[in-house]
Amino acid sequence: MAKITYIEHGGKEHVVDVSNGMTVMEGARDNGIPGIEADCGGACACSTCHVYVAEGWVEKLPAKDAMEEDMLDFAYEPDPVRSRLTCQLKVTDDLDGLVVQMPEKQI
């Protein structure tokens, strides 16, 4: 289990425990975190679970694959370094303490 902090665009923080094996997107969805829409349900077929990963976490996460890179092109104001799709981040103990911030909107 990992404790993950989701920060809404306006600054409100939600700290939740997410079980190993789930994705960061599923953790947001299951805990009613606003700002992650996840329209495709986690199939990496949209960009509505886009977040900005806290700078200290960028290098700790697995690298983006080609499909995630392609979908991030459709995200609202993607950051080439910090943007990730939460459906592609599988929760493990290594993600304990992860901090992600939602963009102003999802598209």
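Residues numbered from 1 in each chain as written. Predicted model: local features only at pLDDT ≥ 70, side-chain atom pairs only at ≥ 80, totals over all residues. Heavy atoms only, no water.

- The name that an unreviewed UniProt entry assigns to the protein chain is 2Fe-2S iron-sulfur cluster-binding protein, with the source organism given as Jannaschia ovalis.
- Per UniProt, the protein chain carries the Cofactor (unreviewed entry) text "[2Fe-2S] cluster".
- What UniProt states about the protein chain under its Sequence similarities (unreviewed entry) heading is, verbatim, "Belongs to the adrenodoxin/putidaredoxin family." (UniProt positions renumbered as here; feature names shortened; annotations may be inferred.)

1. Section: the packing of aromatic side chains
Turning to step 1, where the next piece is worked out: Tallied over the full model, the rule gives zero aromatic pairs.
Turning to step 2, where the next piece is worked out: When the ring centre of Trp-57 is taken as origin, the NZ or CZ atom of Lys-60, which lies over that ring, is 4.6 Å away. (Phe/Tyr/Trp six-rings, centres within 6.5 Å; stacked < 30°, edge-to-face > 60°. Lys NZ or Arg CZ within 6 Å of the ring centre and 35° of its normal.)

2. What to know about the pattern of salt bridges
Turning to step 1, where the next piece is worked out: All told, the structure shown has three salt bridges when counted by the stated rule.
Turning to step 2, where the next piece is worked out: Between Asp-30 and Arg-29 there is a salt bridge, with the nearest N and O atoms lying 2.9 Å from each other. (Salt bridge = Lys/Arg side-chain N within 4 Å of Asp/Glu carboxyl O.)

3. What about a negative patch on the surface?
Turning to step 1, where the next piece is worked out: Taken together, Asp-65, Glu-69, Asp-70 and Asp-73 make up a surface patch of like negative charges.
Turning to step 2, where the next piece is worked out: Along the chain, the position of Asp-70 falls in helix 2 (residues 66-72). (Patch = residues over 30% accessible without salt bridge, like charges linked within 9 Å, V, L, I, M, F, W, Y side chains within 5 Å. Areas by Shrake-Rupley, 256 points an atom, 1.4 Å probe, with all protein chains shown as cover. Lys, Arg positive; Asp, Glu negative; His and termini not counted. Charge placed at Lys NZ, Arg CZ, Asp CG, Glu CD. Helix = DSSP H or I, 4+ residues; strand = E, 2+ residues; numbered from the N terminus.)

4. Digging into the pairing of strand 1 (residues 2-7)
The side chains of a regular strand alternate, first on one face of the sheet and then on the other.
Turning to step 1, where the next piece is worked out: Strand 1 sits mainly inside the fold: five of its six residues count as buried.
Turning to step 2, where the next piece is worked out: Where strand 1 and strand 2 (residues 13-18) come together, six bridges link them in antiparallel fashion. Bridging across to strand 2, Ala-2 finds its partner in Val-18.
Turning to step 3, where the next piece is worked out: Hairpin connection between strand 1 and strand 2: a loop of five residues separates the two successive antiparallel strands, and Gly-11 in this loop has a positive phi of roughly 110 degrees.
Turning to step 4, where the next piece is worked out: The pairing of strand 1 with strand 5 (residues 99-101) spans three bridges and is parallel. If you follow Thr-5 over to strand 5, its bridge partner there is Val-99. (Buried < 20%, exposed > 50% of the residue type's maximum accessible area, 1.4 Å probe, protein only. Pairing = 2+ DSSP bridges.)

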